[in-house]
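# What the coordinates show
The residues making up each chain are set out below.
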2 protein chains.
Amino acid sequence: MSEKINPIRETDEDARRQARLLLRGSPFGSIAALDPETGYPNCSRVLLGTAPDGMPVILISRLSAHTKALLSDARASLLVGEPGKGDPLASPRLTIQCDALPVARQSEDDRTIRARFLRRHKKAALYADFADFLFMRLRPLRASLNGGFGKAYALTENDLAIDSDATTMMADYQDKLLEIANRDWKNRDHEDSRLGNYVVCSLDPEGFDLRRGSQFLRLAFQKTMKTEGVKNILKSGFFADYT
Amino acid sequence: MSEKINPIRETDEDARRQARLLLRGSPFGSIAALDPETGYPNCSRVLLGTAPDGMPVILISRLSAHTKALLSDARASLLVGEPGKGDPLASPRLTIQCDALPVARQSEDDRTIRARFLRRHKKAALYADFADFLFMRLRPLRASLNGGFGKAYALTENDLAIDSDATTMMADYQDKLLEIANRDWKNRDHEDSRLGNYVVCSLDPEGFDLRRGSQFLRLAFQKTMKTEGVKNILKSGFFADYT
């Protein structure tokens, strides 16, 4: 018989780093909304992208139950971190509780998020412009990281946010930075040569999002990028100091 | 721009069959509960088993947030159907809204469910008997099947239930039936020879649950089994007519 213990470990930098990687590096996740008709939660699958500030965004149809639920009550929860082939409870996953906030169609925010999302999920271009589709931003309020059996951590909104003054600048120079990032990535000696076939599809002050067909991975920078760093990259044409 | 249409197709036998396979053939899923402290939904990962009547069961710890939530409010939702390597929105998945009902420790129901669950998830034997763990049955009330983009179906509790008089008999003779099923399975000419390495770990009137290490699959019988069929199998020693 087990003892009654507090199963939550103290949140450290490794836990924050793992939580952020899961949050921004997951191509899809499970979202729970509140069903306005039944009062029950409702759990469904969504594709995930990120806004320039690294916060998760979803692209959903007003015809679907989860969208109706989220537009009627913003309270939501997102689970990310898909298990591989082994024990599903041994693989790390992150639960966030969040508010789902609609992005106004045709706004500048919408255009930025749309471009990022479609670079990440090419097939979504087939329906992203249908009148019933919209983007929603998921603003995390609190989170729970489960890094495997018995490795649970509680995280705050701040633990998940990117602390950098370079978010806007990196969004403004996204095309140029992607060009540099991709040249840099292609020319590098990768330990695993398959990595060279990935394309950097978006970036933010904390890392690269890489895609190869429907395969997806995220590379966190060694340190969070600030405006000084972005200026240096634009000047030198290399990300080397960060990756 | 898309037209405003009803995106829900009429539920047919294929949809019911696919929904039932997903519900009983998924080794794990995402569960959404209602967080009593915040009022938000909370989405987490759980291992899944089934009761002898084919209804999903979970094994969870009272130390975890989802268990506290489910014990305080039974309303829940389960998402099953993990995507493979391709487009996550193209792979079929099932959302059920359900009530989570605790199984009394040391009851006969508990022992039956425990034995089934541990044959399905061997590693769960490491913690299933910890004092903080309990089984909960998920009673589906309604469901939504998404068979891929634009292929949505609404299902009722009856669509997911197994209509058979043989549930109790198959539970009572589970060990004997598993012995026959496994001999039958091993001796069969499988189209894919790897299938022969799977072990039948549980069965119910609608099908076999097969396991090989952490790989899992479910085989639905060609027709739902009734007591007459169970008697024949016990007599003949073969499942051949059903699989």
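One structure accompanies this document, and this report is about it. (Residues numbered from 1 in each chain as written. Chains lettered and ligands numbered in written order. Predicted model: local features only at pLDDT ≥ 70, side-chain atom pairs only at ≥ 80, totals over all residues. Heavy atoms only, no water.)

## Here we look at the relation of the copies chain B and chain A
What counts is decided by this rule: The copies were overlaid with a least-squares fit restricted to C-alpha atoms from residues scoring a pLDDT of at least 70 in each copy. Residues count as neighbours in contact if any of their non-hydrogen atoms are within 4.5 Å of one another.
Laying chain B over chain A is done by rotating through 180 degrees and shifting 0.0 Å along the axis; what remains is an RMSD of 0.0 Å. Taken together, these values place the two copies in the relation of a two-fold axis. Comparing interface residues between copies, 100% of those in chain B also sit at the interface in chain A, which points to an isologous, same-surface contact.

## Here's the deal with helix H7 (residues 227-236) of chain A
Residue and element names in this part refer to chain A. Condition: Residue burial is assigned from relative accessible area. The probe radius is 1.4 Å, only protein chains are included, and a residue is buried under 20% of its type maximum, exposed over 50%, and partly exposed in between. Numbering of helices and strands runs from the N terminus, with a helix taken as a DSSP run of H or I at least four residues long and a strand as a DSSP run of E at least two residues long. For this quantity, the arc is that covered by the directions from the helix axis to the C-beta atoms.
Every buried residue of H7 is accounted for by Gly229, Val230 and Ile233. All buried residues of H7 lie within an arc of 100 degrees about the axis, which places them on one face of the element. Looking at the packing, one finds that the buried side of H7 touches helix H5 (167-172) and helix H6 (174-187). Just past H7, the residue Gly237 takes up positive phi, approximately 80 degrees.

## A look at the packing of H6 of chain A against H7 of chain A
All names here are of chain A. This is how it is decided: Orientation is described by axes fitted as lines to C-alpha atoms, over the contacting stretch for helices, and by angles from 0 to 180 degrees between their N-to-C directions. Each crossing gets its handedness from the near helix: less than a right angle anticlockwise from the far helix is left-handed, clockwise is right-handed. Side-chain classes follow a simple rule in which Ala, Val, Leu, Ile, Met, Phe, Trp, Tyr, Cys and Pro form the nonpolar group, Asp, Glu, Lys and Arg form the charged group, and the remainder, Gly included, forms the polar group.
Following both chains from N to C, one finds H6 and H7 inclined at 65 degrees, their axes separated by 10 Å at the closest point. In this structure, H6 meets H7 at a crossing whose hand is left-handed. When H6 is examined against H7, the residues Lys176, Leu177 and Ile180 are found in contact with a partner set consisting of Val230, Ile233 and Leu234. The class makeup of the residues in the contact of H6 with H7 is 5 nonpolar, no polar and 1 charged.

## Quick look at the sheet that holds strand S9 (residues 199-204) of chain A
The pairing of strands in a sheet happens through backbone hydrogen bonds and is either parallel or antiparallel. All names here are of chain A. Let me state the cut-off plainly: At least two DSSP bridges between two strands are needed for those strands to be called paired.
Strand order in the open sheet made by the 3 strands is S9-S10-S11, with antiparallel pairing throughout. Edge positions in the sheet fall to S9 and strand S11 (215-220), since each of these pairs with one other strand and no more. Pairs of neighbouring strands in the sheet enclose a mean axial angle of 20 degrees, with direction left out of account. Summarising the sheet, strand S10 (residues 207-212) and S11 pair through 6 bridges and their orientation is antiparallel. Considered in S11, the bridge of Leu210 is made with Leu217. Against the sheet, helix H1 (residues 13-25) touches S9, S10 and S11, its axis set at about 145 degrees to S11.

## Digging into the packing of aromatic side chains
The criterion, for reference: Any two of the Phe, Tyr and Trp rings considered here, Trp counted by its six-membered ring, make a pair once their centres fall within 6.5 Å; the pair's planes then place it as stacked at under 30 degrees, edge-to-face at over 60, or tilted in between.
Tallied over the full model, the rule gives 14 aromatic pairs over all chains. Ring geometry for Phe208 of chain A against Phe239 of chain A: centres 4.9 Å apart, planes inclined by 75 degrees, an arrangement best described as edge-to-face. With Phe208 of chain A in strand S10 and Phe239 of chain A in the segment after H7, this residue pair connects regions lying 31 residues apart in the sequence. Each member of the pair, Phe208 of chain A together with Phe239 of chain A, is buried. Between Tyr127 of chain B and Phe133 of chain B, the ring centres sit 4.9 Å apart and the planes meet at 40 degrees, which makes this aromatic pair tilted. Of the residues examined, Tyr127 of chain B reaches a relative accessible area of 8% and is grouped as buried. Exposure remark for Phe133 of chain B: the relative accessible area of 7% places this residue in the buried category.

Remember that the coordinates give geometry; whether it matters functionally is a separate question.
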